[in-house]
Amino acid sequence: MKVRSEAKKETNYRHTWWGKAVVTSLTAWIFASTVAVILVILHTIDFRPIKHLEQFGIDRSMRLYSDTASISMPYKYVFVDVDKEACKQFLDDNTDWDPECRTSKPVPTSLIIDFVRVAKKSQAALVIIDVSSPDKNEPLDREALARELAVGSDHSDTWIIAPVYARPSDSLNGLTIDGDTRFDIVPSHTRGRLRLASAATYADHGVIRAYPTASCFVTAEGQRWIPTIPYLAALLIKNPLVEQHYYDSVETSKAVATNALQSCSKLEISSDSLVNEISFDLPLFDPLDTNQIPAIIHFFYSLPSLGALADVHERESVSWNHIYNYEYYEASKLISHDCLHQHIDGSSTSPGCFITNEEYYKGKIIVLGSSRAQAMDQMQTPIGSMSGSELILNATRALLEFKPLRQSPPLTMLIEKLKGIGIAMGPMFIAWCLIFLSGPIVRQIRWSLLIRCRKSGLKILRQCHWQVFYWLRSLFVVFVFILGIYVAYILEVVYLLDQLKQGIATDLLLPAFALGLQGFAVAAKLASAAFYNMAEAFFGFLLNRVKSFFH
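Counting restarts for each chain, with residues numbered from 1 along the sequence as it is written. Confidence filtering applies because this is a predicted model: local features only for residues at pLDDT of at least 70, side-chain atom pairs given and counted only at 80 or more, and all residues used for totals across whole chains, interfaces and linings. With hydrogens and water set aside, each side-chain value is computed from the structure's full complement of heavy atoms.

K.L.:
What's the story with the overall build of the protein in this structure? I'm lost.
P.N.:
Only DSSP runs of H or I with at least four residues qualify as helices, and only runs of E with at least two residues qualify as strands; both kinds are numbered from the N terminus onward. Looking only at helices and strands, the protein has 16 helices and 18 strands in total. Residue pairs at least 24 apart in sequence account for 76% of intrachain contacts in the protein once pairs closer than 6 positions are excluded. Per-residue accessibility takes into account occlusion by the displayed protein chains alone, with areas from the Shrake-Rupley method and a 1.4 Å probe. As displayed, the protein offers around 27,900 Å² of accessible surface, 60% of which is attributable to carbon and sulfur atoms. The contact definition used throughout considers only heavy atoms, calling two residues in contact when any of these lie within 4.5 Å.

K.L.:
Looking at this structure, I do not really get the sheet that holds strand S8 (residues 202-204). What am I missing?
P.N.:
Neighbouring strands of a sheet are bound in pairs by backbone hydrogen bonds; such pairs are parallel or else antiparallel. Sheet architecture is open: 3 strands sit in the order S8-S9-S12, paired in antiparallel fashion. Two strands lie at the open edges of the sheet, namely S8 and strand S12 (296-298), each paired on one side alone. Sheet twist, expressed as the average angle between the axes of neighbouring strands with direction ignored, equals 45°. Strand pairing is assigned whenever DSSP detects at least two bridges linking the two strands. Looking at chain direction, strand S9 (residues 207-212) and S12 are connected through 3 bridges and run antiparallel. Bridge pairing in S12 places Ala 210 opposite His 298. Convention adopted: a line fitted to C-alpha atoms gives each axis, helices being fitted over their contacting stretch, and angles between N-to-C directions are expressed from 0 to 180 degrees.

K.L.:
How should I be thinking about unusual backbone geometry in this particular structure?
P.N.:
Leaving glycine aside, a negative phi is the common case for residues, and trans is the common case for peptide bonds. Even without being a glycine, Asp 46 presents a positive backbone phi close to 65°. Examined against the element boundaries, Asp 46 turns out to sit in the loop between helix H2 (17-44) and helix H3 (48-68). Positive phi, close to 70°, is recorded for His 189, a residue that is not glycine. For His 189, the location among the structural elements is in the loop between strand S5 (176-179) and strand S6 (190-191). Here His 189 falls in the buried class, since its relative accessible area comes to 2%. Accessibility here uses a 1.4 Å probe with only protein chains present; expressed as a share of the type maximum, an area under 20% marks a residue as buried, one over 50% as exposed, and anything in between as partly exposed.

K.L.:
So what exactly am I meant to see when it comes to helix H6 (residues 139-150) here?
P.N.:
Since there are 3.6 residues in each turn of an α-helix, residues three or four apart along the chain are aligned in direction. Expected helix span is given by 1.5 Å per residue-to-residue step, counting one fewer step than there are residues. The terminal C-alpha atoms of H6 lie 17 Å apart, and with 12 residues this matches the ideal 16 Å at 1.5 Å per residue to within 8%. Restricting attention to buried positions, one finds in H6 the residues Asp 141, Arg 142, Ala 144, Leu 145, Ala 146, Leu 149 and Ala 150. On its buried face, H6 sits against helix H5 (109-121), strand S2 (126-129), strand S3 (159-163), S6 and strand S7 (194-197).

K.L.:
Explain the packing of H2 against H3 here, please?
P.N.:
Describing two packed helices takes the angle between their axes plus the distance from one axis to the other. Their axes nearest at 8 Å, the elements H2 and H3 cross at an angle of 115°. Here H2 lies roughly perpendicular to H3, going by the angle between them. For H2 against H3, the interelement crossing comes out left-handed. Listed contacts from H3 to Leu 39, Leu 42 and His 43 of H2 are Ile 50, Lys 51 and Glu 54. Here the term charged refers only to Asp, Glu, Lys and Arg, the term nonpolar to Ala, Val, Leu, Ile, Met, Phe, Trp, Tyr, Cys and Pro, and the term polar to all other amino acids, Gly among them. Residues that form the contact of H2 with H3 fall into these classes: 3 nonpolar, 1 polar and 2 charged. When an angle is under 35 degrees it counts as roughly parallel; over 145 it counts as roughly antiparallel; between 65 and 115 it counts as roughly perpendicular; any other value is oblique. Crossing handedness is read from the near helix: turned anticlockwise from the far helix by less than a right angle, it gives a left-handed crossing, and turned clockwise, a right-handed one.

K.L.:
Quick question: what am I supposed to make of the state of the cysteines here?
P.N.:
Working definition of a disulfide: a covalent bond connecting the sulfur atoms of two cysteines. We call a pair of cysteine sulfur atoms a disulfide whenever their separation is within 2.5 Å. Considering all chains together, one arrives at 1 disulfide under this definition. The disulfide that involves Cys 339 links it to Cys 353, with 1.7 Å between the sulfurs. Judged by the sign of its S-S torsion, about -110°, the cystine formed by Cys 339 and Cys 353 is left-handed. A residue pair is termed long-range when its members are at least 10 positions apart, and Cys 339 in strand S14 (residues 335-342) and Cys 353 in strand S15 (residues 349-354) qualify at 14 residues. The two residues Cys 339 and Cys 353 agree in class, both being buried.

K.L.:
I tried to follow the pattern of salt bridges on my own but got confused; where do I start?
P.N.:
One side chain can pair with another of opposite charge once the charged atoms of both are near each other. For this analysis, a salt bridge means a side-chain nitrogen from Lys or Arg found within 4 Å of a carboxyl oxygen belonging to Asp or Glu. Considering all chains together, one arrives at 6 salt bridges under this definition. Put simply, Glu 401 and Arg 397 hold a salt bridge, and the shortest N to O gap is 3.1 Å. With a gap of 4 residues between them, Glu 401 and Arg 397 both fall in helix H12 (residues 388-401), about one helical turn apart. Judged by its relative accessible area of 0%, Arg 397 is buried.

K.L.:
Whenever I open this one, the environment of Ala 86 confuses me. Can you help?
P.N.:
Tracing the chain through its elements places Ala 86 in helix H4 (residues 84-89). Classification of Ala 86 by relative accessible area gives buried; the value is 0%. Along the sequence, Ala 86 and Ile 335 sit 249 residues apart, while their C-alpha atoms lie 7.6 Å from each other.

Next comes the structure, spelled out in structure tokens:
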């Protein structure tokens, strides 16, 4: 008798609302954990479809962060987008052959010079000029840029970075550019606080997920490594003394001749080139060592893609969403028509110039570029198509504020996934408690109403079965389940973003999806029973109507 009593007591626990909630939650955790284990195993054996799904979850999280983040950061970023109106404002009508700014160089040289002048007066921390270098047949532009960009730099705290004259190379590693120092703005790549760097990128299967710290610079004299623009920008902000190592003209000229027979363009990219250690320190490289590829850094995208925004008004709203760390301006709206700017000849002038404004520029990292289609500078990234200027801003911010992304070892990856599942279990357990608790509450309310109605003198109340409560409970089950899944998803994304900012690239959305899939099966079972009764009652009602009609 005692054994039977204990067995009955144990069975009763299984039929309580909290017992059902605990069992359902444990079942979901076991199912999701099993899926996580399978995912890690498939990822370890390099099963491509799973790797693509994992990468999709990481990319989706970065896009969510870039679209909504408004957290105050130590550095502030500005993208000045040269639109058609600004381009036309700075054209020399007497000599320019493209008065409508339709070419692939939509940023006139006089505009660059005038903007840098204002940025230096407004005490900007760094100005990155993301435009094509002057062509071989544009010596006047080169002379004007060299003269004006470096002027007064000894008395200014503003660093200026411009691209070297280079063309893409057909090298195997994709890190090589063909240059010619005769056509650089500054042949030695340095003058005052002006530095020239490489604008080359590195794409993996057409998508830019990593940024090289250096490019193999091939000239007629030889080869060497030169810093890329985002890497140099982060270096100038963090540790400006180190950059002298890359711009020692005497040592570089000797090294080019010595290393002429070596070829950095033929090096193959290996896993050793990718930075996997979690560190905020920028990796340094030897510009003269052409036998080893400098670090390539997988970085965290944190600023939005303007290419995904439909119009100018949506783009302007970016400065509101990212009010603390990122601002977007169309260049034409920063220009005043009450002043004059100089032409590149240094003597003639035309109406229109940029206005000094410390509120817009002081202490900020500024990229002057163009997102127009004419610039032919669109890149495919994990968060969508974006211009080269936006890519430079994202890479610069990642090198300054975030750790490099790395793939965790299998055991660490599994632990992170289990942590994510555990976080999602909290709101789901609460949801299951509410769902199963609603069952006895609804039954108690319905039973009380049935007893009272049986004693009523009204015939319609005595015949009422109050099935509507079961239907309402079904709607409640669906609502609470969806709410629980939504809260669990939000917690998963928050945790994943925190992991990504720490450099841990582990997808947590697939295990959370498995958790929701199992929960959906249970919720559908609970809700479908009431909907089945509803359909059965409706069919019975129609059948009775048909029978009464024929009788």
